[in-house]
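Here is how the chains run, residue by residue.
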Amino acid sequence: DGEPVETRVIQGPKRLRNGAERLLSREAILESTAKTLRCRNCSPKRSSVLLLGLDTYAAVAQRHGAEVAAKIESQLVSLLIGRLGKCDFIGTYAPGKLAVVSCGTALAQCRKFGDRVVDALARAHVTVRGVKLSLGISVGIANSPEDGADISVEEMFALAQYRQDRAAASGGNAVVAE
């Protein structure tokens, strides 16, 4: 069943659990985001897209195999699902990259969430075959209305991607929301 991956997240009372049932595909997350922005009950004036990219995903996959990298990503998903609001959703945007859509949440709250995820992953103890892996995450956030009240789904994801790329380019373990 692949290499054993031992993960221990420091601080955080919630145990990791399998969250695959709430993980959307890229297409489904884009479609769900479009529906959210059109929904009158979802407060589209306060919607955010957070793109979370594992900084060392490609290196882990190359050195330890795609299965190990996927297990690490899966455990991150489980950690995130335990902290999402009931109207929020999460999906795979690309290998090593997750998208979280938060409805009715102000930009400042999303930034704090991103900062907590960066901090938790930086302090996580992940080992493969007894070797500790240093993991980091770069987060890019786009928000309506901060980035425009009439911003489209495509524009929100493109802006979040641009900001996630900037966070990664700055050395990783960072959140960029402006």
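Above: the structure in question.
Quick notes on the rules
- Residues numbered from 1 in each chain as written.
- Predicted model: local features only at pLDDT ≥ 70, side-chain atom pairs only at ≥ 80, totals over all residues.
- Heavy atoms only, no water.
- Helix = DSSP H or I, 4+ residues; strand = E, 2+ residues; numbered from the N terminus.
- Contact = heavy atoms within 4.5 Å.
- Areas by Shrake-Rupley, 256 points an atom, 1.4 Å probe, with all protein chains shown as cover.
- Phe/Tyr/Trp six-rings, centres within 6.5 Å; stacked < 30°, edge-to-face > 60°.
- Buried < 20%, exposed > 50% of the residue type's maximum accessible area, 1.4 Å probe, protein only.
- Pairing = 2+ DSSP bridges.
- Axes fitted to C-alpha atoms, helices over the stretch in contact; angles between N-to-C directions.
- Polar contact = N/O pair within 3.5 Å; in protein donor to acceptor, adjacent residues only side chain to side chain.
- Parallel < 35°, antiparallel > 145°, perpendicular 65-115°, else oblique.
- Salt bridge = Lys/Arg side-chain N within 4 Å of Asp/Glu carboxyl O.

Undergrad: What should I look at first to understand the overall build of the protein in this one?
TA: Counting secondary structure elements, the protein contains 5 helices and 9 strands. Going from the N terminus to the C terminus, the protein shows its helices and strands as β-β-α-β-α-α-β-β-α-β-β-β-α-β. Within the protein, contacts between residues at least 6 apart in sequence are counted, and of these 74% link residues at least 24 apart. Accessible surface, the protein as shown: approximately 9300 Å² in total, 51% of it carbon and sulfur.

Undergrad: For this particular structure, what's the right way to read the packing of aromatic side chains?
TA: How two aromatic rings sit relative to each other is given by the distance of their centres and the angle of their planes. Counted by the stated rule, this structure contains 1 aromatic pair. Both rings, one in tyrosine 93 and one in phenylalanine 157, keep their centres 5.5 Å apart while their planes meet at 10 degrees; by these two values the pair is stacked. With a gap of 64 residues between them, tyrosine 93 in strand E4 (residues 89–94) and phenylalanine 157 in helix H5 (residues 153–169) connect regions that are remote in the sequence. Residue classification places tyrosine 93 among the buried positions, given a relative accessible area of 10%.

Undergrad: What's the story with the sheet that holds strand E5 (residues 97–103) in this structure? I'm lost.
TA: Two orientations exist for strands paired in a sheet by backbone hydrogen bonds: parallel and antiparallel. Across the sheet, which stays open at both edges, the 6 strands sit in the order E2-E4-E5-E3-E8-E9 with mixed pairing between neighbours. Pairing within the sheet leaves two strands with one partner each, and these edge strands are strand E2 (23–24) and strand E9 (174–176). Here strand E3 (residues 47–54) pairs with strand E8 (residues 137–144) via 8 bridges, running antiparallel. Bridge assignment links serine 48 to a residue of E8, and that residue is asparagine 143. Contacts between helix H4 (residues 107–123) and the sheet are confined to E3, E5, E8 and E9, with E8 contributing the most and set at about 170 degrees to the helix.

Undergrad: I tried to follow the pairing of strand E6 (residues 125–128) on my own but got confused; where do I start?
TA: A regular strand places its side chains on the two faces of the sheet in alternate fashion. Strand direction decides the pairing type here: E6 and strand E7 (residues 131–133), joined by 3 bridges, are antiparallel. Bridge assignment links valine 128 to a residue of E7, and that residue is valine 131. Here E6 hands over to E7 after 2 residues, with arginine 129 in that stretch at a positive phi of 50 degrees.

Undergrad: Sorry, what's going on with the side chain of serine 102 here?
TA: Position of serine 102 relative to the elements: it lies in strand E5. On the basis of relative accessible area, serine 102 is assigned to the buried category, the value being 5%. Of the polar contacts made by the side chain of serine 102, one reaches the side chain of aspartate 88; its length is 3.3 Å. Apart from the residues lying within four places of it in its own chain, the contact partners of serine 102 are Arg46, Ser47, Ser48, Asp88 and Cys110.

Undergrad: What's the story with the packing of helix H2 (residues 57–64) against helix H3 (residues 66–81) in this structure? I'm lost.
TA: When two helices pack together, their arrangement is captured by the angle between the axes and the distance separating the axes. Interaxial distance between H2 and H3 falls to 6 Å at its minimum, and their mutual angle equals 140 degrees. Considering the angle they form, H2 stands oblique to H3. On H3, the residues that touch Tyr57, Val60, Ala61 and His64 of H2 are Ala66, Val68, Ala69, Ala70, Ile72 and Glu73.

Undergrad: Help me out: how do you make sense of the pattern of salt bridges in this one?
TA: Pairing between side chains becomes possible if they bear opposite charge and their charged atoms approach one another. Counted by the stated rule, this structure contains 4 salt bridges. The partner of glutamate 178 in a salt bridge is arginine 111, with the nearest N and O atoms 4.0 Å apart. You can see glutamate 178 sitting in the segment after E9 and its partner arginine 111 sitting in helix H4, a full 67 residues away along the chain. A salt bridge links aspartate 119 to arginine 123, with the nearest nitrogen and oxygen atoms 3.2 Å apart. Residue aspartate 119 and its partner arginine 123 are located together in helix H4, separated by 4 residues, close to a single helical turn.

Undergrad: I tried to follow the environment of glutamine 164 on my own but got confused; where do I start?
TA: With respect to the element layout, glutamine 164 can be found in helix H5. Separated by 10 residues in the primary sequence, glutamine 164 and alanine 174 have C-alpha atoms spaced 8.6 Å apart. Not counting residues within four places of it along the chain, the set of residues in contact with glutamine 164 comprises Leu51, Gly53, Lys97, Ser138, Val139 and Gly140.

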